[in-house]
Amino acid sequence: MALLMPRIEITLSKIQYNAQFLCAFYGQKGIDLMGVSKAVLGNPLVAEAMILGGVKFIADSRIENIQRMRAAGIFTQFVLLRTPLSQAESVIQNADISLNTELRTIKELSHYAVQHNKTHQIIVMAELGDLREGVLPKDLSQFIKDAEALPSIQIVGIGCNLACYGGIKPDNAKMRQLSELTHSIEKELRINLALISGGNSANYDWYTSAQDVGRINNLRLGESILLGYETAHRKTIPGLDTSAFKLVAEVIESKKKPSLPNGESCQDAFGNSPQYLDRGIHQRVIIALGIQDILVSGLSPLDDLEILGASSDHIILEDRSTNFPIGSEVTFGLTYGGLLAAMTSPFIKKHFIGCPDSVLPLIS
Ligand SMILES: *Cc1c(COP(=O)(O)O)cnc(C)c1O
């Protein structure tokens, strides 16, 4: 059978290996992991590979992705990463834990938890400077006190998220602040906070240099497990596999052409007025993949090809080695943005290596 195109090739054993490696690595100082599945749209096989690698939770920002994994028979503790509101009932039915920052939302969750006769666990997010989600530190203890008073709600911990919106580093000072907040809230409210979730794939540098991780005992990792790098500087983590995902597309035109467009200039398909470099006559290939499918800046050709530009349905490349006739395959590595887009495009086929596509081994 000819392989479908375009396709993303996903090597599950590499994802499992990375999860295993990171569980052992962070486990040395008492930190356990949530495997974050949002970049792969909650793909059950990827979630399963993470679980086989040892992650204690699967976390996703979309409740629909969690539903998908549940429906496929994935058995684990599910965490919803984005604070919910109108989806509160579905959150109660599908997630064990959610991250929260608004009392109004927790009241909704409480309402449906009572109705469904469930206890819902909550991690309250603290705003430590990145200015995305989070309760301000000065308001945190009153917030937790009010939330704890709601029926069928259990506050299991606090967390923070850095290096996402504001580009603020999860360093020693920030992690110490989270540990100190944990202490003071426990003392003041006489409760135990069991889960202190210090951040994401950007926490690698902090962890490697920290003598003492304080109260931090959990991280939520997507990119490092899937792509093998930390995200504060996009450095490869030594020991990890960076090739679990590859994108393959088909050459649909291959010709020697001039490198400069010819005629009166006007706007391109996206309203830009592009400028081009004169490289003389060169070998140009076009692949059947475009902006509707992929974040073009998230692709890095693994062969001697250079991306010149793209439109909705085509990417144009310079073929320096003249190795890519019509019908040949072009392979790319992916950034996080590229992975996210490729997994979301209905036109890109998901091809699993190391496991038949249609058979999902049940792990429950
Ligand atoms: C996406 C997300 C993560 C995971 O981030 P990575 O960079 O993939 O490790 C962690 N926490 C929250 C709240 C997120 O939304």
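Everything below is about the structure shown above.
Just so we're clear, the structure is a prediction, and the values are computed from it rather than from any experiment.

**Q** Kindly report on the packing of aromatic side chains, identifying the contributing residues and their values.
**A** Scanning all chains against the criterion turns up six aromatic pairs. Arranged with centres 6.2 Å apart and planes meeting at 45°, the rings of Tyr 17 and Phe 21 form a pair that is tilted. Of this pair, Tyr 17 and Phe 21 both sit in helix H1 (residues 12–27), separated by four residues, roughly a single helical turn. Classification of Tyr 17 as partly exposed rests on a relative accessible area of 39%.

**Q** Any details on the site of the ligand? Residues and values, ideally.
**A** Taken together, 14 residues lie around the ligand, and Lys 38, Ser 201, Arg 220, Gly 222 and Glu 223 are the ones closest in. Between the ligand and Lys 38, the relevant distance is 2.7 Å, taken from an oxygen atom to a side-chain nitrogen or oxygen of the residue. The contact in question runs from a nitrogen atom of the ligand to an N or O atom on the side chain of Arg 220, over 2.8 Å. Here the ligand loses 94% of its free accessible area of 390 Å² to cover by the protein chains.

**Q** So what about the pairing of strand E11 (residues 281–287)? Which residues, and what values?
**A** Summarising burial for E11: six of the seven residues are buried, a large majority. The pairing of E11 with strand E14 (residues 315–319) spans four bridges and is antiparallel. Bridge pairing in E14 places Val 285 opposite Leu 317.

**Q** Break down the side chain of Asn 65 for me, with residues and values.
**A** Assignment of secondary structure puts Asn 65 in helix H3 (residues 63–71). Overall, Asn 65 belongs to the buried group, its relative accessible area being 9%. What Asn 65 contacts, discounting residues up to four positions off in sequence, is Lys 38, Leu 41, Gly 42 and Asp 60.

What counts and how
- Residues numbered from 1 in each chain as written.
- Predicted model: local features only at pLDDT ≥ 70, side-chain atom pairs only at ≥ 80, totals over all residues.
- Heavy atoms only, no water.
- Phe/Tyr/Trp six-rings, centres within 6.5 Å; stacked < 30°, edge-to-face > 60°.
- Helix = DSSP H or I, 4+ residues; strand = E, 2+ residues; numbered from the N terminus.
- Buried < 20%, exposed > 50% of the residue type's maximum accessible area, 1.4 Å probe, protein only.
- Near = heavy atom within 4 Å.
- Polar contact = N/O pair within 3.5 Å; in protein donor to acceptor, adjacent residues only side chain to side chain.
- Areas by Shrake-Rupley, 256 points an atom, 1.4 Å probe, with all protein chains shown as cover.
- Pairing = 2+ DSSP bridges.
- Contact = heavy atoms within 4.5 Å.

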